[in-house]
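Remarks on the overall topology
For reference, the chains in residue letters:
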Amino acid sequence: MTNIRSAIAKGAVLTMAVLKTCHGFYVPGVRPHEFISGEDVPMKVNAMTSVHTQLPRDYYRLPFCRPTGGPKMASENLGEFLTGNKIQNSPYSINMLREVNCQVLCQVTLSKVEAHMLGKHIGYGYHNNWIIDNLPSASLGHSQAGMQLKHYAGGFPIGFISPETNEAFLYNHVNIVLEYHNPDGKEGHRVVGFAVEPISVKHRYVGGYEWDGESSEGFTKPLDTCVAGEHMDRGNVAEFQRVAEGESIIYTYDVIWRYSETAWASRWDVYLNEDHMVPAQVHWYSITNSILVVLFLSLLVVSILVRNLRRDIAGYNALEQLTDEEKEEEQEESGWKLVHADVFRPPSSWPMAYCIMVGSGAQIGVCGLATICLAAIGFLSPARRGSLMTATLVFYMLCGCLAGYISSRLYKSFKGRQWQLCTLLTATTFPGLCFFVFIFFNTILAFFKSTASVPFLDLVIVAAMWCCISIPLVFLGAYFGYKEDYITFPTVTSTIARAIPEPTFFMKPLVGVGLAGMVPFAAAYVELFFIMTSLWMDQFYYVFGFTLAVYLILIITCAEVTVLLTYYQLCAENHRWWWLSFFTAGSPAFYTFFYSLFWFRSLEASKMLITYMLYFGYMSLICIAMMCVTGSVGSLICLWFIRKIFGTIKVD
């Protein structure tokens, strides 16, 4: 017993070491840019985001300062467009190692419409997302005790609402804090840190000067609210900048340079350091809990199945060796052998739909596994914006061969005749559902003028990838699947189906399916919380080593629970196991959807209907995909298991 505990402990330590390596390593992916002193350091602005509305907005939708010649789009990949990024240039002038104190950027006088829009966006909690040298801006603030706080995800707020007066105030001044590193004393310097401290201040010129916002004199006149030679301090602010019609807002900024010993290759570590998000122990507790669940379930399945199957097989084979008179004297047969003539009977309802869902689930599952593996070794780090979405699309298309092959082999074994229709539906059902839901939401988002609405050209690209690559690959896989021989079954199916006895309460399929999903969900729900937070609350998610472990644990637990439940259903003489195995393994998806209903409260969502539609629409798609993945695993493992056990007994 001591040796077993020691082996388990060593295995857990080794697993944790591997996971730590996986999530702590990433490939920077781009060559470092070295800026010489005085060189222009361009700053870009991304779309504004809010966790309360889930509607990204164009930065220049609001009355902010615009660059000379108007904003220009930065080059973006397909994944960035699909995830709602809209990166543009900015009017801020930043030069390497050149500090700036209270530099006037522009002046904007708010109209009634602009004041209303600005106040509404502040009320919805929108955040600015700025970028310098591919680094997103961290947010600097202060706690009630006066301690400086630094938040690395989600950008910084555009303003705040006064709890006393319910008035909106704008952050019209920013302290841009940049950290640089000079490797080996070279001439060039590398940007290794970027943070923004937003401050609201009602600016006034010295001597009561009134600026029209256009003459060059306003850029050089001293401000009464700024101290010459010193950076802006929020503690010295006498009056905040209100948001109201007719208010003249002067935008200013400071640039502060600080030397850092952080190397360029590790500059993303502060963004991906779990101590800024959640304590590291939470992930370890989650993994430990999941591993213990798998070990306990594995021991349970092995002890029950091996013991019972060995006894059943030995008893059935011994019974076959008796004479007819001896057989009559023996107790009447009972158990899973009685359904040998019906156990491989094709599903009585929707056999084609079963093949389509199992094939689609295999495609999504392998796609997810490949994407998570690439992310775990660092090729899809957050430094590569849109790479995760792009990789998912590419892997999904390439896995179309697998979907066509599995669905065609199953459908051929069911002796189906409409193989063209089965292949076409395999290629179009799930991706078609996702595409048309996406088109529907994209149309609504375009109506709301959100940057989450994908341009028409990118929609054409996605549709072309689906029609010209994914669908042909599914047909290619189906071609090889139909060329294969029938899946051989160890028993012969009878002409007339055997009647199924009335089951007890706990042996009813619906009860079993409902209870079976609890175990896999319990093994994965802690990590699911972090994934949901990253997905809907603009947090960086980087611990793909943990994700890979939890993904495999989910697959294993679903397979084990499904095999166990299917075995007991066969013992109860219920031979309709095809759909039962699919929904038993897919039942964690229902628990995930119910969990998302309760988790939705943490968003503190606005009363906009589109927010609810986006959240529950996309969560429904995620849960359908999850059900297909785990359901296909359960179905295929049960097919293997049943062929094995019925192949070991002698049947007349």
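As the structure is a computational prediction, the values presented were derived from the model and not from experiment.

What to know about the overall build of the protein chain
For the protein chain, the helix and strand inventory stands at 18 helices and 13 strands. Among the 652 residues that make up the protein chain, the fraction classed as buried is 52%. Taking as baseline every contact in the protein chain between residues at least 6 positions apart, the subset at least 24 positions apart corresponds to 82%.

A short note on the confidence of the model for the protein chain
The share of residues in the protein chain with pLDDT of 70 or more is 87%, and the mean pLDDT across the chain is 83. This model gives residues 1-29 a pLDDT under 50, and the stretch forms 39 contacts once residues within four places in sequence are excluded. Per-residue pLDDT stays below 50 along residues 325-332; that stretch engages in six contacts with residues further than four places along the chain or on separate chains.

A few points about the packing of helix 15 (residues 544-571) against helix 16 (residues 578-586)
For the pair helix 15 and helix 16, the least separation of the axes is 9 Å and the interaxial angle reads 140°. The angle between helix 15 and helix 16 places the two elements in the oblique class. The crossing of helix 15 and helix 16 is right-handed. Here Cys-558, Thr-562, Leu-565, Thr-566 and Gln-569 of helix 15 come into contact with helix 16, specifically with Leu-580, Ser-581, Thr-584 and Ala-585. Split into classes, the residues belonging to the contact of helix 15 with helix 16 amount to four nonpolar, five polar and no charged.

Quick word on the nonpolar core
Judged by nonpolar contacts, the single largest core of 80 residues is most densely connected at Trp-130, Ile-176 and Phe-194. Ranked by the residues each element gives to this core, the list is headed by strand 13 (residues 248-259), at six residues. Counting residues in each nonpolar core, the second largest holds 58 residues, with Val-51, Ile-487, Cys-558 and Ala-585 among its members.

Some remarks on the state of the cysteines
Every disulfide links exactly two cysteines, by a covalent bond between their sulfur atoms. Per the counting criterion, the structure on display carries two disulfides. Each sulfur of the disulfide joining Cys-65 and Cys-106 lies 1.8 Å from the other. The S-S bond linking Cys-65 to Cys-106 shows a torsion near -85°; that makes this disulfide left-handed. Of the two residues, Cys-65 sits in the loop between strand 1 (43-49) and helix 2 (78-82) while Cys-106 sits in strand 3 (residues 100-109), which places them 41 residues apart along the sequence. The residues Cys-65 and Cys-106 share a single accessibility class, namely buried. Across the disulfide from Cys-102 sits Cys-226; the S-S distance is 1.7 Å. Taken together, the residues span a long stretch of sequence, with Cys-102 in strand 3 and Cys-226 in the loop between helix 4 (217-220) and strand 13 at a distance of 124 residues. When the cysteines engaged in disulfides are numbered in sequence order, the protein chain pairs them as 1-3, 2-4.

Describing helix 9 (residues 387-398)
The end-to-end C-alpha separation of helix 9 is 16 Å, in line with the 16 Å expected for twelve residues at 1.5 Å each. Those residues of helix 9 lying buried are Ser-387, Ala-391, Tyr-396 and Met-397. Contacts from the buried residues of helix 9 go to helix 8 (351-376), helix 10 (400-413), helix 11 (419-447) and helix 12 (456-483).

Observations concerning the pairing of strand 3
Of all ten residues that make up strand 3, seven are buried, and the element is covered over most of its length. Of the pairings in the sheet, the one linking strand 3 to strand 13 comprises seven bridges and is antiparallel in character. Within strand 13, the position partnered with Val-100 by the bridge is Val-255.

A short note on unusual backbone geometry
Here the phi dihedral of Cys-102 falls at roughly 50°; this positive angle occurs in a residue that is not glycine. Given the relative accessible area of 13%, Cys-102 is considered buried. The residue Trp-350 is not glycine, and still its phi comes out positive at about 55°. One can find Trp-350 in the loop between helix 7 (324-329) and helix 8.

Examining the side chain of Arg-190
Secondary-structure assignment places Arg-190 in strand 12 (residues 190-199). Not counting chain neighbours up to four residues away, the residues in contact with Arg-190 comprise Pro-32, His-33, Glu-34, Glu-179, Tyr-180, His-181, Pro-183 and Trp-264.

Considerations on the packing of helix 16 against helix 18 (residues 609-646)
Relative orientation of the contacting elements helix 16 and helix 18 amounts to 135°, with a least axis distance of 7 Å. Relative to helix 18, the element helix 16 is oriented oblique. Where helix 16 crosses over helix 18, the two elements pack in a sense that is right-handed. Each of Trp-578, Ser-581, Phe-582, Phe-583, Ala-585 and Gly-586 in helix 16 lies in contact with helix 18, whose residues at this interface are Met-627, Cys-628, Thr-630, Gly-631, Ser-632, Gly-634, Ser-635, Cys-638 and Leu-639.

What about the environment of Ile-291?
In this structure, Ile-291 sits in helix 6 (residues 280-320). When the C-alpha atoms of Ile-291 and Val-550 are compared, they prove to be 8.8 Å apart, with 259 residues separating the residues in sequence.

Focus on the pattern of salt bridges
Enumeration over the complete set of coordinates arrives at ten salt bridges. Where Glu-197 meets Arg-234, a salt bridge forms, and the shortest distance between an N and an O atom there is 3.3 Å. Here the residue Glu-197 occupies a position in strand 12, and Arg-234 occupies one in the loop between helix 4 and strand 13, the gap between them amounting to 37 residues. By relative accessible area, Arg-234 is classed as partly exposed at 29%. Between Lys-202 and Glu-247 there is a salt bridge, with its nearest N and O atoms 3.0 Å apart. Of this pair, Lys-202 sits in the loop between strand 12 and helix 4 while Glu-247 sits in the loop between helix 4 and strand 13, and the two are 45 residues apart along the sequence. Here the residues in one salt-bridge network are Glu-167, Lys-202, Arg-242 and Glu-247, joined through shared partners.

Re the packing of aromatic side chains
Following the criterion strictly, the structure yields 43 aromatic pairs and no others. Considering the side-chain rings of Phe-344 and Phe-489, the 4.6 Å spacing of their centres and the 15° angle between planes classify their relative orientation as stacked. Highlighted residues: Phe-344 in the loop between helix 7 and helix 8 and Phe-489 in the loop between helix 12 and helix 13 (509-516), separated in sequence by 145 residues. A residue is classified by how much of its surface remains accessible, and Phe-489, at 23% relative accessible area, is partly exposed. An aromatic cluster of three or more residues is present, and its members are Tyr-59, Tyr-60, Phe-64, Tyr-92, Trp-130, Phe-156, Tyr-251 and Tyr-253. Here the guanidinium or amino end of Lys-415 rests over the ring plane of Tyr-486, the centre of that ring lying 5.5 Å away.

What to know about a nonpolar patch on the surface
Among the surface-exposed residues, Phe-505, Phe-506, Leu-515, Met-518 and Val-519 lie close enough to one another that they form a single nonpolar patch of about 510 Å² accessible area. Tracing the backbone shows Phe-505 in the loop between helix 12 and helix 13.

Remarks on helix 8
With 26 residues, helix 8 extends 37 Å from end C-alpha to end C-alpha; this agrees with the ideal 38 Å at 1.5 Å per step. At the exit of helix 8 stands Gly-378, carrying a positive phi of roughly 105°.

Rules used throughout
Residues numbered from 1 in each chain as written. Predicted model: local features only at pLDDT ≥ 70, side-chain atom pairs only at ≥ 80, totals over all residues. Heavy atoms only, no water. Helix = DSSP H or I, 4+ residues; strand = E, 2+ residues; numbered from the N terminus. Buried < 20%, exposed > 50% of the residue type's maximum accessible area, 1.4 Å probe, protein only. Contact = heavy atoms within 4.5 Å. pLDDT = per-residue confidence, 0-100. Axes fitted to C-alpha atoms, helices over the stretch in contact; angles between N-to-C directions. Parallel < 35°, antiparallel > 145°, perpendicular 65-115°, else oblique. Left-handed = near helix turned anticlockwise from the far one by under 90°. Nonpolar A, V, L, I, M, F, W, Y, C, P; charged D, E, K, R; others polar. Core = buried A, V, L, I, M, F, W, Y, C linked by side-chain atoms within 4.5 Å. Disulfide = S-S within 2.5 Å. Expected span 1.5 Å × (residues − 1). Pairing = 2+ DSSP bridges. Salt bridge = Lys/Arg side-chain N within 4 Å of Asp/Glu carboxyl O. Phe/Tyr/Trp six-rings, centres within 6.5 Å; stacked < 30°, edge-to-face > 60°. Lys NZ or Arg CZ within 6 Å of the ring centre and 35° of its normal. Patch = residues over 30% accessible without salt bridge, like charges linked within 9 Å, V, L, I, M, F, W, Y side chains within 5 Å. Areas by Shrake-Rupley, 256 points an atom, 1.4 Å probe, with all protein chains shown as cover.

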